[in-house]
Amino acid sequence: HDAAFLGAMRLEAREREWEDTDALLGLMQSEAAAEAEGAILFYHLGELQRALSARQLVQPPLSAVIQLLQDASYEASRSHIELKAVKTSASIAEIVDCIEHACPTIALQDE
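A quick note: this is a predicted structure, and the numbers were derived from the prediction, not measured. (Residues numbered from 1 in each chain as written. Predicted model: local features only at pLDDT ≥ 70, side-chain atom pairs only at ≥ 80, totals over all residues. Heavy atoms only, no water.)

*Asks:* Would you mind showing me how to read the sheet that holds strand β2 (residues 76-78) here?
*Replies:* Reading across from one edge, β1-β3-β2 is the order of the three strands in this open sheet, with antiparallel pairing throughout. Only two strands of the sheet have a single partner each, and these edge strands are β1 (41-44) and β2. Strand after strand, the sheet turns through a mean of 25 degrees between neighbouring axes, direction not considered. Of the pairings in the sheet, the one linking β1 to strand β3 (residues 85-88) comprises four bridges and is antiparallel in character. Across the sheet, L41 pairs through a bridge with T88, a residue of β3. (Pairing = 2+ DSSP bridges. Helix = DSSP H or I, 4+ residues; strand = E, 2+ residues; numbered from the N terminus. Axes fitted to C-alpha atoms, helices over the stretch in contact; angles between N-to-C directions.)

As structure tokens, then:
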């Protein structure tokens, strides 16, 4: 994806008041910017939750995961293809470490 081209498309969508298209292009623009800086790995939240559960951690909201990764100097963005996924330069182990470091451990309840 070309972030500049997506930005131009987004301006056009705003002028035409295409709110849904503007939102999608915004996701694509954010993802393109992250990809340009090395975010080539894609993780669905289910995969992340399994890795976190193995360490007795609870998954924060996706927006918080992305912010934690960015604060730790990783590239990260929502995926425009799958809204319950993150595109990042961090490995799954690095994501889990980042969440564990930033959030207090919350033990999962036994079923």
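There's more to say after this.
*Asks:* Hey, could you run me through helix α5 (residues 92-102) in this one?
*Replies:* Residues three or four positions apart in an α-helix share a direction because the helix packs 3.6 residues into each turn. Taken together, the buried positions of α5 are occupied by I95, V96, C98 and I99. Around the axis of α5, the buried residues are gathered within 160 degrees of arc, so they sit on the same side. The elements touched by buried residues of α5 are β1, α3 (45-53), α4 (62-71) and β3. (Buried < 20%, exposed > 50% of the residue type's maximum accessible area, 1.4 Å probe, protein only. Arc of directions from axis to C-beta. Contact = heavy atoms within 4.5 Å.)

*Asks:* Teacher, can you tell me more about the nonpolar core here?
*Replies:* The nonpolar side chains of a soluble globular protein tend to be buried, and buried together. L48, L52, V65, L69, V86, I95 and I99 are the most contacted members of the largest nonpolar core, which totals 17 residues. For this core, the secondary structure elements donating two or more residues are α3, α4 and α5. Beyond its immediate sequence surroundings of up to four residues, L52 is in contact with L57, V58, Q59, P60, V96 and I99. In terms of nonpolar packing, the next biggest core, distinct from the first, is built from five residues, L6, A13, M28 and A32 among them. (Core = buried A, V, L, I, M, F, W, Y, C linked by side-chain atoms within 4.5 Å.)

*Asks:* How should the pattern of salt bridges be read in this particular structure?
*Replies:* Note on pairing: side chains with opposite charge can pair once their charged atoms come close. For the structure shown, the criterion picks out five salt bridges. A salt bridge links R10 to D22; its shortest N-O distance comes to 2.7 Å. Placement of the pair is R10 in helix α1 (residues 3-15) and D22 in helix α2 (residues 19-36), with a sequence separation of twelve residues. On the accessibility criterion, D22 (16% relative accessible area) is buried. When the shortest N-O distance is used, the salt bridge between E12 and R16 registers 2.5 Å. Residue R16 is classed as partly exposed on the basis of its relative accessible area of 47%. Shared partners join several salt bridges into a network, and the residues in it are R10, R14 and D22. (Salt bridge = Lys/Arg side-chain N within 4 Å of Asp/Glu carboxyl O.)

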